[in-house]
Amino acid sequence: METKQFKAESKRLLDMMINSIYTHREIFLRELISNASDAIDKIYYKALTDESLTFDKDNYYIKIEADKESRTLKIIDTGIGMTKEELENNLGTIAKSGSLAFKTENELKDGYDIIGQFGVGFYSAFMVADVVTVISKALGSKEAYKWESRGAEGYTIEPCEKESVGTEIILKIKENTEEENYDEYLEEYRLKSIIKKYSDFIRYPIKMDVTKSRLKEGSESEYEQYKEEETINSMVPIWRKNKKELTEEDYNNFYSEKHYGFDKPLKHIHINVDGAVRYQAILYIPEKIPFDYYTAEYEKGLELYSSGVLIMNKCADLLPDYFSFVKGMVDSEDLSLNISREMLQHDRQLKLIAKNINKKIKSELLNLLKNDREKYEKFYQSFGRQLKFGVYSDFGAHKEELKDLLMFYSSKEKKLVTLDEYVSRMPEDQKYIYYATGETNERIEKLPQTELVADKGYEILYFTDDIDEFAIRMLMSYKDKEFKSVSSGDLGLDADDKQEDTAAEEKEHKELFDFMKKVLDGKVKDVRISKRLKSHPVCLTTDGALSIEMEKILNAMPNSQNVKADKVLEINVNHEVFQSLKDAFEKDKDRLTLYTGLLYNQALLIEGLPIEDPVEFTNNICKIMV
């Protein structure tokens, strides 16, 4: 009999699996049971579309049989089975998904979704077995076939006898080593505990012959042992169980079993509603951001069930984009099993469920913010950017929904604060919520533009995310307090007499500033006296809606239009540098041109903007030094 070779990449993966150093080898049983459940799901789907088939749930089950003497463990299912070709295609290539092919062939776009796959999960059997044998008879086929492999060297396929449709996987369990006790995978109590731990919610009965004891017939004290078939799993999905019966570990296990993430969830939300629309849901707020979260490949949505049967793997309509990080599932008796994806978009009950879920997520996040600040801040570090994007998107349609969830770093508190906390401690004479933008908190701390606001004793919010200023511009105000950038033209701080002094100084030095403006023609809109600088000689501010930070972000985007903010070069007339400018204006206009270029480039560097000609800039510095 010919031994067929695995493909090269499959052989490498299989070798890793056989020599696995995984600490949780027990997961092999979870994977094989999931595959068996999927095989029964496939018959169920066939019955929905084939009138000649009937699906009687009582006839479908998964059986586990352990034999210590022969060191074999069998996983038997009454599912759809596999043909010779399917055995070769699905098991000959690791990570080849038989379920995916089934879905494609049957154009299974809607309705009953097949989520399992014969692939890496199946090959986890080699973590505990020397030999893996698969005997299978496909639905509608007269022939049965046996697939067998001892590992990386390859596999064989040959005809065999099997009366009923379904699949039988036989594992020849490895001998014990000094490091590993493989005997435990033949122990009844251990197998039961693994099934309960990982597969309790599988909707088909998982049966095992269980050892029990009873009084011997005719005896009052002598007991005898006997075997009795028992269903090990409860078959009641976790979401239908009483919350009081469930532990944090139960919820975390469900999160892992459903592959919602590789992390532990930060928080779970268990919902049970019996009103205008009936549904149960278990939602999770992840601790860490998924690696593909900000890519086109990331797919938002919750699993959607109808009476415990999966309708859709990712129902995007259940979550708004700003809560797209939420994982979990929803089960409703009020949804039709065969409802199409197009109909779901207009389904009144689904919209009501989505609306309620949205409110619940917000409510739970607010509770987390109020009652477990450390946990909320951990969540916000991962997903705060998405909330801010939610404020900005759809022309600010969701800003009222999200504004109380926002946090920004505070110049006073030296930590994240909410907008409500900021406003609650504003002095009576403070008109605006002040903010500053930059790449890091440390860089913002040193910005010259923050001096005047800070000297007034006002708190400044630091914006370091590219979305921050766009979101706040969309929000416009919070509790009737407008937002104002420390770099904006008017800070709303000047007293009338000071404005008069500034106007007089502007008039006095008008010719000097006009000269500097001419030198910087096309680069700045104006050169003027600064009312905000204290110890620094120069800074850039803006007139108009577009800030310097927004200019940087927009121009970094693909197909940017090279937008420009209306920049203003502000000069501190109380700084020693200003005297040098005045002297140069009176005695040496060429030197003033040199100084003007240097100050402008200095202001650009402070803002994190590139200077146009670094070589010229360094040469000009050298000219001053000589």
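Report on the accompanying structure.

So, how was this worked out
Residues numbered from 1 in each chain as written. Predicted model: local features only at pLDDT ≥ 70, side-chain atom pairs only at ≥ 80, totals over all residues. Heavy atoms only, no water. Pairing = 2+ DSSP bridges. Helix = DSSP H or I, 4+ residues; strand = E, 2+ residues; numbered from the N terminus. Axes fitted to C-alpha atoms, helices over the stretch in contact; angles between N-to-C directions. Buried < 20%, exposed > 50% of the residue type's maximum accessible area, 1.4 Å probe, protein only. Contact = heavy atoms within 4.5 Å. Phe/Tyr/Trp six-rings, centres within 6.5 Å; stacked < 30°, edge-to-face > 60°. Lys NZ or Arg CZ within 6 Å of the ring centre and 35° of its normal. Parallel < 35°, antiparallel > 145°, perpendicular 65-115°, else oblique. Nonpolar A, V, L, I, M, F, W, Y, C, P; charged D, E, K, R; others polar.

## Comments concerning the sheet that holds strand 3 (residues 129-137)
So, point 1. The eight strands are arranged 5-4-3-6-2-1-7-8 in an open sheet whose pairing can be described as mixed. On the outer flanks of this sheet lie strand 5 (154-160) and strand 8 (223-231), each paired with one strand and no other. Across the sheet, the mean angle from the axis of one strand to that of its neighbour is 20 degrees, orientation sign disregarded.
So, point 2. Where strand 4 (residues 144-151) lies against strand 5, seven bridges are found, and the strand directions are antiparallel.

## A word on helix 18 (residues 548-555)
So, point 1. In terms of residue burial, helix 18 counts as a mostly covered element, since six of its eight residues are buried.
So, point 2. When helix 18 is considered as a whole, its buried residues turn out to be I548, E549, M550, E551, K552 and I553.
So, point 3. Residues of helix 18 that are buried sit in contact with strand 16 (433-437), helix 15 (468-475), strand 21 (538-543) and strand 22 (566-571).

## Side note on the packing of aromatic side chains
So, point 1. Counted by the stated rule, this structure contains 32 aromatic pairs.
So, point 2. With a centroid separation of 4.9 Å and 40 degrees between ring planes, the pair formed by W239 and Y305 is classed as tilted. In this pair, W239 is assigned in the loop between strand 8 and helix 7 (248-257) and Y305 in strand 11 (residues 302-306), connecting sequence segments 66 residues apart. With respect to class, W239 is no different from Y305; both count as buried.
So, point 3. Residues Y293 and Y298 carry aromatic rings whose centres are separated by 4.8 Å and whose planes lie at 75 degrees to one another, so their mutual orientation is edge-to-face.
So, point 4. The class for Y298 is buried, based on a relative accessible area of 14%.
So, point 5. What links up through ring pairs into an aromatic cluster is the set Y293, Y294, Y298, Y322, F323, F325, Y376, F379, Y380 and F383.
So, point 6. The ring of Y61 has K207 sitting right over it, with the charged end atom 4.5 Å from the ring centre.

## A short note on the environment of Y44
So, point 1. As for its placement among the helices and strands, Y44 is situated in helix 2 (residues 27-49).
So, point 2. Take Y44: its relative accessible area is 15%, and that puts it in the buried class.
So, point 3. Between the alpha carbons of Y44 and F55 there is a distance of 6.1 Å; along the sequence they are 11 residues apart.

## Considerations on the sheet that holds strand 18 (residues 477-478)
So, point 1. In spatial order, the strands read 15-14-17-16-19-18; together these six strands make up an open sheet with mixed pairing. Of all strands in the sheet, those with a lone pairing partner are strand 15 (416-418) and strand 18, marking the two edges.
So, point 2. When strand 18 meets strand 19 (residues 481-485), the two strands line up antiparallel, connected through two bridges. Bridge pairing in strand 19 links Y478 to K481.

## Re the packing of helix 17 (residues 510-519) against helix 19 (residues 576-587)
The relative placement of two packed helices comes down to the angle between their axes together with the axis-to-axis distance.
So, point 1. Two elements in contact, helix 17 and helix 19, have axes separated by 11 Å at closest approach and are oriented at 85 degrees. Taken as axis vectors, helix 17 and helix 19 run roughly perpendicular relative to one another. Residues E511, L512, F513, F515 and M516 of helix 17 form the contact with helix 19, whose own contacting residues are F578, L581, K582 and F585.
So, point 2. Its residues placed into classes, the contact of helix 17 with helix 19 shows seven nonpolar, no polar and two charged.

## Things to note about the pairing of strand 16
So, point 1. Where burial is concerned, most of strand 16 is hidden: five out of the five residues are buried.
So, point 2. Both faces of strand 16 are covered, namely the face carrying I433, Y435 and T437 and the face carrying Y434 and A436.
So, point 3. Sheet topology places strand 16 next to strand 19; three bridges connect them, and they run parallel. Each bridged residue has a counterpart across the sheet, and for I433 the counterpart in strand 19 is F483.
So, point 4. Here strand 16 runs beside strand 17 (residues 460-463); their pairing, made up of four bridges, is parallel. Across the sheet, Y434 pairs through a bridge with I460, a residue of strand 17.

What is shown is where atoms sit, not what they do.
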